[in-house]
Amino acid sequence: MKPSSKEQLIQNQSAGLLTTRQIRSLGIDSIAQLLCWLPKKYIDLTNIVPSINSPDFQIGERRVIELSLVSKHFPQSIPPRVQLTFDDDYNTEIAGAVFGDTHAWKSIPIGQKIWIAATKSEFNSNPQLKDISVLESDQVGRVIPVYPSIRGVLSRDTICQTIAHALDQFSDEACEYIFNCTGLNNDTIFDRTGIKDLNSWLLTVHRPKKLEHGLLALKYAKQLAIEEFAFRVNTNFQASASRRPPIALNFAHITELIKNARYQLTGDQLNTVDEIASDILSDNPSFRLINGDVGTGKTIAYLIPFLAAHYAGAKVAIITPTVPLVNQIAATALMLDPDLNLQKIVAGTKIKDDSSVLIGTTALLHAGKRISYEPDILLIDEQQRFSSKQRYQLRAPTTHYFEATATPVPRSQALVTHPTMKLSILKQAPVEKVIYSTLIQYDQRSKVYDQLTSIVDAGDKVLIVYPSVVIKDSENQRKNVIEAYARWDRLFPGLVRMIHSQQSDEDKAKAIADLKIGHAQILVASTSVEVGIDIPSVRGLLVVDPENYGYSQLHQLRGRLARNGGEGHFMMLLTREVPEETLERLKVLEHVSDGFTLAEKDLQIRGFGDVAFDSESSSGSTATLFRTVKIDFDDLQVYAQKVSLAQAGM
């Protein structure tokens, strides 16, 4: 949106107003959008008192008062300071001091009356003034908006002056812009946000007559920001999806595949099968998150309806981050149907038959692109391991799209609060297991050795994970694991194997096979074991330097334990002192075992980034309609509940 000649005029009305270039440095295109640059707080200058001894001016209170400057003294000190004496119209004197920037006081002559805002304090039983600010006469009796500045580029005063001028001429354009961004209009805005008139709200948020009016206007701004978020998600999805012919599922196939499973499916698995089947039967492309902790059987829950769709002629693609996980998913699919037309796509593999069920790593993205492959059904397994671009690369406008994970990335976690993204949750495990999670300080490391020895003596398996974050390059990461392997092998001779980043897939497979068949009991590894390694008898897992991992990685690692049920011990060993906030973050894992709850906490810490499908920001600060207003997961949950109640007619 290019600035109009009217906007250029307002920019040139007086010195100090923003230029077009400066406005764009704020990330906006026009003066109308500038009015969406809201105050971050207000300074209340309406509490005026007539005298120092006024009963409305008590110790600890901040007030506005007109005083005469009696004296000023600039002693040599660091930081700079000026000692001041004032008196009021009743000849009552009071002292004060200003620290830091004292330059303005040098130009104020003795005897001049000035308006100040100050807090009354007490020193040696004598009242004095602190936090003294000199006011312009036109500020007195007003609530002053304080706007965020950009250091070295735009000052707060310049932004404030420009907004004040623009508000008189561009409020209609700003309201039209807000309506366009939120999908609201004059008839719907009150029901959705509580705002009766958008023009009046805009005036109040920038020029409140009372402090409480401004604060209430900022609360309404958050409601508008949430509406804009929801409208943007819905618009993005509608723009990227087209109606498609339903896939003619045969439910007899689903029933047969359920019978072929080696165990009785849980209620959560059966519900997920039904939910996915309903999606596939729809002529609207689906967008579903399948959230299930490791061990809840989400793989078989999505494979059953996917294979039934394959029998009906649908093209099915499953993308996962590692070769071991490709093999694991393929093995499960072939367990359900030994004659399945399936192809694994890994590095160097080409797609031979695009009608087969394709299961692959990111190599499938490249192979699919070469033949312009468009799947009818696309699933991204362990979606937290992929960038946004990778996740949506093969998704066509008619593709039924699914993501599966134990710990969703913050953006997906945020999107499930919106009706666009559906959610399937699996909490029930086919087998009962209890995992004990413990954070261990380095001076208590003997507990680790005792616990691991007990597990090995019982004939069970142990995984020991060393960080790849601290060791930056892959060569040093390899050395780190090799050195650790040597230490553990001295303690448990012949029972230790290792996996590191520079090993071939064959060597990794050999190490894992040794554990499975009992030739070894301890695996020392980097984060290669995070996903895709299924060793049912692992009872102990030690993570060294856990502060280098996020909730998602730690929870995925914990999910490797006790795959066939029973007890497991998840230990996090700190080898150095960490900040208190890091310690508190890790302690959460000691008492929270649910991946979805951990993902919520991750979202609260990191934010959820941009919700656009082509954005690479899956976490971080979330840009909203109002750059100074942030929304968090709690806000989205409240909004989702409100929408659900409205849809239910309640």
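Below or above, wherever it landed, is the structure these notes cover. (Residues numbered from 1 in each chain as written. Predicted model: local features only at pLDDT ≥ 70, side-chain atom pairs only at ≥ 80, totals over all residues. Heavy atoms only, no water.)

## A closer look at the sheet that holds strand β18 (residues 522–525)
As a reminder, the rule being used: Here the rule is simple: two strands pair whenever DSSP picks up at least two bridges between them. Strands are runs of DSSP state E lasting at least 2 residues, helices are runs of H or I lasting at least 4, and numbering of each runs from the N terminus. Think of each axis as a best-fit line through the C-alpha atoms, taken over the contacting stretch in the case of a helix, with angles from 0 to 180 degrees between the N-to-C directions. What makes two residues a contact is simply this: any of their non-hydrogen atoms within 4.5 Å.
Read across the open sheet, the six strands follow the order β15-β20-β19-β16-β18-β17; overall the sheet is parallel. Here the strands that pair on one side only, and so sit at the sheet edges, are β15 (433–440) and β17 (496–499). In this sheet, neighbouring strand axes are inclined to one another by 15° on average, regardless of whether the strands run parallel or antiparallel. Here β15 runs beside strand β20 (residues 566–573); their pairing, made up of eight bridges, is parallel. Within β20, the position partnered with Ile435 by the bridge is Gly568. Of the strands in this sheet, β16 (461–465), β17 and β18 are in contact with helix α18 (residues 505–517), which crosses β17 at around 150°. Sitting on the sheet, helix α20 (residues 580–591) is in contact with β15 and β20, with an inclination near 160° to β15.

## Description of the sheet that holds strand β6 (residues 126–135)
Read around the barrel, five strands follow the order β2-β3-β4-β6-β5 and close on themselves; strand pairing throughout is mixed. With strand direction ignored, the average angle separating the axes of adjacent strands in the sheet is 55°. In terms of strand pairing, strand β2 (residues 62–73) meets strand β3 (residues 81–87) through five bridges, oriented antiparallel. The residue bridging Ser68 from the neighbouring strand is Asp87, located in β3.

## As for the nonpolar core
To keep it simple, the criterion reads: We call a set of buried Ala, Val, Leu, Ile, Met, Phe, Trp, Tyr and Cys residues a nonpolar core when their side-chain atoms join them within 4.5 Å. Burial classes: relative accessible area under 20% of the type maximum marks a residue as buried, over 50% as exposed, and values in between as partly exposed (1.4 Å probe, protein chains only).
Ranked by internal contacts, the top residues of the largest apolar core, which has 41 residues, are Leu35, Leu38, Ile178, Leu198, Trp201, Leu224 and Phe626. At the level of secondary structure, the elements contributing two or more residues to this core comprise α3 (31–34), α5 (156–182), α7 (198–206) and α8 (211–240). No other element matches the ten residues that α5 contributes to this core. When residues no more than four places from it in sequence are discounted, the contact partners of Leu198 are Cys175, Ile178, Phe179, Ile189 and Leu224.

## Regarding the pairing of β6
Inspection of the sheet shows strand β4 (residues 93–99) paired to β6 by two bridges, in the parallel sense. Each residue of the ladder has a partner; that of Gly96, found in β6, is Leu129. Bridging between strand β5 (residues 113–123) and β6 involves eight bridges; their strand directions are antiparallel. Within β6, the residue paired with Thr119 across the bridge is Lys130. If you look at the hairpin formed by β5 and β6, you'll find two residues sitting between the two strands, and Asn124 has a positive phi there, around 55°.

## A look at the side chain of Asp337
Keep this limit in mind: Residues scored as charged are limited to Lys and Arg (positive) and Asp and Glu (negative), so that His and the chain ends carry no count. We count a salt bridge whenever a side-chain nitrogen from Lys or Arg sits within 4 Å of a carboxyl oxygen from Asp or Glu. Pairing of N or O atoms within 3.5 Å defines a polar contact, subject to two protein rules: one partner must be a possible hydrogen donor and the other a possible acceptor, and residues neighboring in sequence count only if both atoms are side-chain atoms.
With respect to the secondary-structure elements, Asp337 resides in the loop between α12 (323–336) and β10 (342–345). Arg262 is the oppositely charged side chain nearest to the buried, salt-bridge-free Asp337, at an N-O distance of 12 Å. A polar atom in the side chain of Asp337 sits 3.0 Å from the backbone nitrogen of Asp339.

## Remarks on unusual backbone geometry
Each neighbour pair has its own omega, and for Ile78 with Pro79 the value is 0°, a cis peptide bond. By secondary structure assignment, the location of Pro79 is in the loop between β2 and β3. Located in the positive-phi region is Ser125, a residue other than glycine, with phi close to 70°. With respect to the helices and strands, the residue Ser125 is situated in the loop between β5 and β6. Look at Ser125 and you get exposed, because its relative accessible area is 63%. One non-glycine residue, Ser372, lies in the positive phi region at around 55°. In this fold, Ser372 is placed in the loop between α13 (363–370) and β12 (377–381). By relative accessible area, Ser372 is classed as exposed at 60%.

## What to know about the packing of aromatic side chains
Definition in use: Aromatic rings from Phe, Tyr and Trp, with only the six-membered ring used for Trp, were paired whenever their centres fell within 6.5 Å, and each pair was classed as stacked if the ring planes differed by under 30 degrees, edge-to-face if by over 60, and tilted otherwise. Geometrically, a lysine NZ or arginine CZ counts as sitting over a ring once it is within 6 Å of the ring centre and also within 35 degrees of the ring normal.
The tally for this structure, following the rule as stated, stands at seven aromatic pairs. Ring centres 5.6 Å apart and planes at 55° place the aromatic pair Trp201 and Phe626 in the tilted group. On the criterion of sequence distance, the pair formed by Trp201 in helix α7 and Phe626 in the loop between α21 (595–606) and α22 (633–647) is long-range, its members being 425 residues apart. In this structure, Trp201 and Phe626 share a single accessibility class: buried. Members of the aromatic cluster, each reached through a chain of ring pairs, are Tyr302, Phe306 and Phe402. Cation over ring: Lys106 sits above Phe74, and NZ or CZ is 5.8 Å from the ring centre. Over the ring of Tyr401 we find Arg395; its NZ or CZ atom is 5.9 Å from the centre of that ring.

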